[in-house]
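Structural description and commentary
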Amino acid sequence: GQNIDQPTEMTATEGAIVQINCTYQTSGFNGLFWYQQHAGEAPTFLSYNVLDGLEEKGRFSSFLSRSKGYSYLLLKELQMKDSASYLCAAGSGYSTLTFGKGTMLLVSP
Amino acid sequence: DAGVIQSPRHEVTEMGQEVTLRCKPISGHNSLFWYRQTMMRGLELLIYFNNNVPIDDSGMPEDRFSAKMPNASFSTLKIQPSEPRDSAVYFCASSLVETQYFGPGTRLLVL
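Think of each chain on its own: its residues are numbered from 1, step by step along the sequence as written. Key to labels: chains lettered from A, ligands numbered from 1, both in the order written. With the structure being a predicted model, the display of local features is reserved for residues of pLDDT at least 70 and the display and counting of side-chain atom pairs for 80 or more, all residues being used for whole-chain, interface and lining totals. Side-chain measures were taken over the full set of non-hydrogen atoms in the model, leaving aside hydrogen atoms and water.

A closer look at the interface of chain A and chain B
Note the cut-off: Should any heavy atoms of two residues lie within 4.5 Å, those residues are considered in contact. The term buried area denotes the loss of accessible surface (1.4 Å probe radius) that occurs when two parts are joined, taken as the sum for both partners. We define a salt bridge as a contact between a side-chain nitrogen of Lys or Arg and a carboxyl oxygen of Asp or Glu at a distance within 4 Å. Two N or O atoms count as a polar contact when they lie within 3.5 Å, although within protein this holds only if one can serve as hydrogen donor and the other as acceptor, and sequence-adjacent residues are included solely when both atoms are side-chain atoms. Under the DSSP-based scheme used, a helix requires at least four consecutive residues in state H or I and a strand at least two consecutive residues in state E, with every element numbered from the N terminus. For this scheme, ten residues count as nonpolar: Ala, Val, Leu, Ile, Met, Phe, Trp, Tyr, Cys and Pro. Four count as charged, namely Asp, Glu, Lys and Arg, and the remainder, Gly too, count as polar.
Facing the 16 residues of chain A at the interface are 20 residues of chain B. Taken together, the two surfaces of chain A and chain B that pack against each other cover about 1500 Å², and 58% of this comes from carbon and sulfur. By the criterion of area lost to chain B, the three top residues of chain A are Y94, S95 and F99 of chain A, representing 30% of everything that side buries. At the junction of chain A and chain B, the tally comes to zero salt bridges. Connecting chain A to chain B are three residue pairs in polar contact (both at pLDDT 80 or more). Every element with two or more residues in the side of chain A that touches chain B is listed here: β4 (29-37), β5 (44-49) and β10 (96-99) of chain A. Grouping the constituent residues of the side of chain A that touches chain B by class yields ten nonpolar, four polar and two charged.

Structure below.
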């Protein structure tokens, strides 16, 4: 079966760094995605990791360890607009994604 | 370029009524996905199509749900009859290779 675990909530301060962890157990795994979802809006694509290692994209970075079934999303220089839910999703089979329940990040001044 | 388009954006209906949700994928994308999102269960895949053909509908909750994709630019998700437990946000997403792009969603409330 498919299982994705990530923390339910996290809080951080503006300007800080936060790391959101995700563990997965997925048959036919072929990549790990992170999406951002603001309240009342659609999920928007942030990152995609296929190989082990760190992918950096501006203030956001994503890491994958396939052997450990582990990923994290690193957000630097936090801004108030980063308050959102962050969804970890494991890809498998033919382009299908299994999503975690999401981590609600609250950034305070 | 326009993103994924969904209609209606909001739907309020009474139990027992038929509900039809519509989706227009991004032009050129060959895969289309229907998801349902609730607080309790998160984002769940209902069905996906590749080149207009349903590939996996194992996520469809029951026979009251059906989906079609008559051509590359249009898909429908129908619930008949609707029940209060169907209340959720329904998202359509499309992709060309790995990355899926989501539409704005339809917020459905069944009374």
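Focus on the sheet that holds strand β7 (residues 65-71) of chain B
Residues and elements named next belong to chain B. Condition: Strand pairing follows a simple DSSP-based rule, namely that at least 2 bridges must link the two strands. All axes here are fitted lines through C-alpha atoms, helices being fitted over the stretch that makes contact, and every angle between N-to-C directions spans 0 to 180 degrees.
As summarised here, the arrangement of the four strands in space is β1-β3-β8-β7, forming an open sheet in which the pairing is antiparallel. Each having just a single partner strand, β1 (5-7) and β7 make up the two edges of the open sheet. In this sheet, adjacent strand axes meet at a mean angle of 15 degrees when their direction is disregarded.

Some remarks on the state of the cysteines
Inclusion rule: Two cysteine sulfurs form a disulfide in these notes if their separation is within 2.5 Å. Under the scheme applied here, a residue whose accessible area is under 20% of the maximum for its type counts as buried, over 50% as exposed, and between as partly exposed, the area being computed with a 1.4 Å probe on protein chains only.
Under the definition given, this model contains two disulfides over all chains. Each disulfide pairs two cysteine sulfurs, and for C22 of chain A the partner residue is C88 of chain A, the sulfurs being separated by 1.9 Å. Since a negative S-S torsion denotes a left-handed disulfide, the C22 of chain A-C88 of chain A link at about -70 degrees is left-handed. In this pair, C22 of chain A is assigned in strand β3 (residues 18-25) and C88 of chain A in strand β9 (residues 84-92), connecting sequence segments 66 residues apart. Like C22 of chain A, the residue C88 of chain A is buried in the burial classification. Linked covalently through their sulfurs, C23 of chain B and C92 of chain B form a disulfide whose S-S length is 1.9 Å. Taking the torsion about the S-S bond as the criterion, the C23 of chain B to C92 of chain B disulfide, at about -65 degrees, is left-handed. With a gap of 69 residues between them, C23 of chain B in strand β3 (residues 19-24) and C92 of chain B in strand β9 (residues 88-95) connect regions that are remote in the sequence.

Keep in mind that these numbers describe shape and distance, not what the molecule does.
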